[in-house]
Amino acid sequence: MQTAISNKFMELKTIINSFEIEGEIESIQQLNIGLINTNYLVVCSQKKYVFQQINTTIFKNVSTIMENIVMVNEHLKNTNYNYESLTLISTKSKENLFFDANKNPWRCFAFIENKNYTFSELNNTIMTEYGKAIGHFHACLANYDTAKITNTIDNFHNTLKYFNVLEDLISNSSGKQKNEVEESFAFIQQFEDRFQKINQLIDAEKIPLRVCHNDTKIDNILFDSNSEKVKSIIDLDTIMSNTIIYDFGDAIRTSCNTTSENDCDINNINFNLDFYKSFTTGYLKESKDFICKEEKNWLAFAPILVTLEQAIRFFTDYLNGSIYYKTDYPNQNLDRGLNQIALAKKMMINEKEMENYIQSLSQS
Ligand code: GN1
Ligand code: MG
């Protein structure tokens, strides 16, 4: 056991030292963030870094992902972007990626000091800042040519597609697992026509495709330690063209829930309508110059849409034997899916209120 740990440590040191880091390595700590990649905080005598081993089962085309990140990052730097952009540290041979002995790709970013808010610490000021940050990110990219960006995961946010996959899986499964997800699936089914509608509006170009982040969950927002302001938006792996509706909805999904998506006690779940309003105020302030009517029409349903999509994805992974998301125990993806269903139900109760709020902002 001891030998395995020290071998892993030696391997990590070799990887780290292949990058242009400043100073000597002082500590290496695995971070408990993200459900896909494996992340380490590396403290060196002069600077701190985040090292990431990219999961190639999911991110198949890593060099294209890096091209997207570099392009968007450069664009943001040249566009009066209000937040700190990412600093990629290159390898000693001037590459963005290092491939280890097992051909696993690694990359390194300069660490950005930040404050992490727990659910109970969030407040309306933070939520407005969060909304402004996502709106500003979209505004900076609103006219960026989507053709320059390669979509690295097909149909990444295509709720109807995920829905159809789950439907097939359920009809081919039996016994305990089928029973566990069937009731939730029946609940999701009532929204199928709305999943379809969004796709139709995108196809008809009524909802425009723009360069989006596609993973705007609150964990990917770094806040300043003192000011309650956003410092940086990280995790650009899923930069692709899409509708902004998903970015908007995912931010709400992960911050207006009163607990984490990993909480298996659904009694802890509630939807904070006030936070929704604060986020939306910030978002619409920053997006007013580009957002169109059809996009706005969906901002009340957006959180429900993304939460249902996330439930579908967790259930799908559960039925597939948990091969996509990292888990800490066997039924975790089932619990995560049930958590999201409980949240979607709480959101539904507030849909009309959300609609009214968007309307009231449009009139003022
Ligand atoms: C994954 O790996 P992470 O935590 O950045 C997933 C997102 C989900 C999220 C749920 C490429 O993001 O789509 O919303 O988990 N990323 C991918 O926490 O599937
Ligand atoms: Mg991500």
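Residues numbered from 1 in each chain as written. Chains lettered and ligands numbered in written order. Predicted model: local features only at pLDDT ≥ 70, side-chain atom pairs only at ≥ 80, totals over all residues. Heavy atoms only, no water.

**Topic: the coordination of the magnesium ion (ligand 2)**
Line of reasoning, step 1. The protein atoms that coordinate the magnesium ion (ligand 2) are D215 (OD) and D235 (OD), at distances of 1.9 to 2.1 Å. Separated by 20 residues along the polypeptide, D215 in the loop between β7 (210-212) and β8 (221-223) and D235 in the loop between β9 (230-233) and β10 (240-242) bring together distant segments of the chain.
Line of reasoning, step 2. According to the relative accessible area criterion, D235 is partly exposed, its value standing at 24%. (Donors = N, O, S within 2.8 Å, 3.2 Å for Na, K, Ca; no water. Helix = DSSP H or I, 4+ residues; strand = E, 2+ residues; numbered from the N terminus. Buried < 20%, exposed > 50% of the residue type's maximum accessible area, 1.4 Å probe, protein only.)

**Some points on the domain arrangement of the chain**
Line of reasoning, step 1. Partitioning the chain into domains gives domain 1 (2-110) and domain 2 (119-363).
Line of reasoning, step 2. Spacing between the C-alpha centres of domain 1 and domain 2 amounts to 27 Å.
Line of reasoning, step 3. The interface is formed by 24 residues belonging to domain 1 together with 29 residues belonging to domain 2.
Line of reasoning, step 4. Between domain 1 and domain 2, a total of about 2500 Å² is buried, with carbon and sulfur atoms accounting for 63% of that surface.
Line of reasoning, step 5. Counting the contacts that link domain 1 with domain 2 gives 1 salt bridge.
Line of reasoning, step 6. Its salt-bridge partner being R107, residue D237 comes within 2.8 Å of it at the nearest N-O pair.
Line of reasoning, step 7. Taken together, the connections running from domain 1 to domain 2 amount to 10 residue pairs in polar contact (both at pLDDT 80 or more).
Line of reasoning, step 8. Here the side of domain 1 that touches domain 2 takes 9 residues from helix α2 (residues 62-77), the largest share from any one element.
Line of reasoning, step 9. Classifying every residue of the side of domain 1 that touches domain 2 gives 12 nonpolar, 10 polar and 2 charged. (Domains from an automatic or database assignment. Contact = heavy atoms within 4.5 Å. Buried area = accessible area lost by both parts, 1.4 Å probe. Salt bridge = Lys/Arg side-chain N within 4 Å of Asp/Glu carboxyl O. Polar contact = N/O pair within 3.5 Å; in protein donor to acceptor, adjacent residues only side chain to side chain. Nonpolar A, V, L, I, M, F, W, Y, C, P; charged D, E, K, R; others polar.)

**Some details on the pairing of strand β3 (residues 48-53)**
Line of reasoning, step 1. Note: strand β2 (residues 38-44) against β3, 6 bridges, orientation antiparallel. Note that in β3 the partner of Y40 across the bridge is F51.
Line of reasoning, step 2. Linking β2 back to β3 in an antiparallel pair, the connection comprises 3 residues.
Line of reasoning, step 3. For β3 and strand β6 (residues 105-110), the ladder comprises 5 bridges, and the chain directions are antiparallel. Residue pairing across strands places F51 opposite C108, the latter belonging to β6. (Pairing = 2+ DSSP bridges.)

**Considerations on the packing of helix α7 (residues 244-255) against helix α10 (residues 302-319)**
Between two packed helices, what matters for the description is the angle formed by their axes and the separation of those axes.
Line of reasoning, step 1. For the pair α7 and α10, interaxial distance at closest approach is 7 Å and the crossing angle is 80°. In terms of orientation, α7 and α10 fall into the roughly perpendicular class. Contacts from I245, Y246, F248, G249, D250, I252 and R253 in α7 reach A302, P303, L305, V306, T307, E309 and Q310 in α10.
Line of reasoning, step 2. Considered class by class, the residues forming the contact of α7 with α10 number 8 nonpolar, 3 polar and 3 charged. (Axes fitted to C-alpha atoms, helices over the stretch in contact; angles between N-to-C directions. Parallel < 35°, antiparallel > 145°, perpendicular 65-115°, else oblique.)

**Digging into the pattern of salt bridges**
Line of reasoning, step 1. Here the structure, examined in full by the defined rule, presents 14 salt bridges.
Line of reasoning, step 2. For K47, the salt bridge is made with E22, and the minimal N-O distance between the two is 2.9 Å. You can see K47 sitting in the loop between β2 and β3 and its partner E22 sitting in the loop between α1 (2-17) and β1 (25-31), a full 25 residues away along the chain.
Line of reasoning, step 3. Overall, E22 belongs to the partly exposed group, its relative accessible area being 35%.
Line of reasoning, step 4. Where E121 meets K115, a salt bridge forms, and the shortest distance between an N and an O atom there is 3.8 Å.
Line of reasoning, step 5. It is possible to trace a salt-bridge network through shared partners that takes in E129, K132 and K229.

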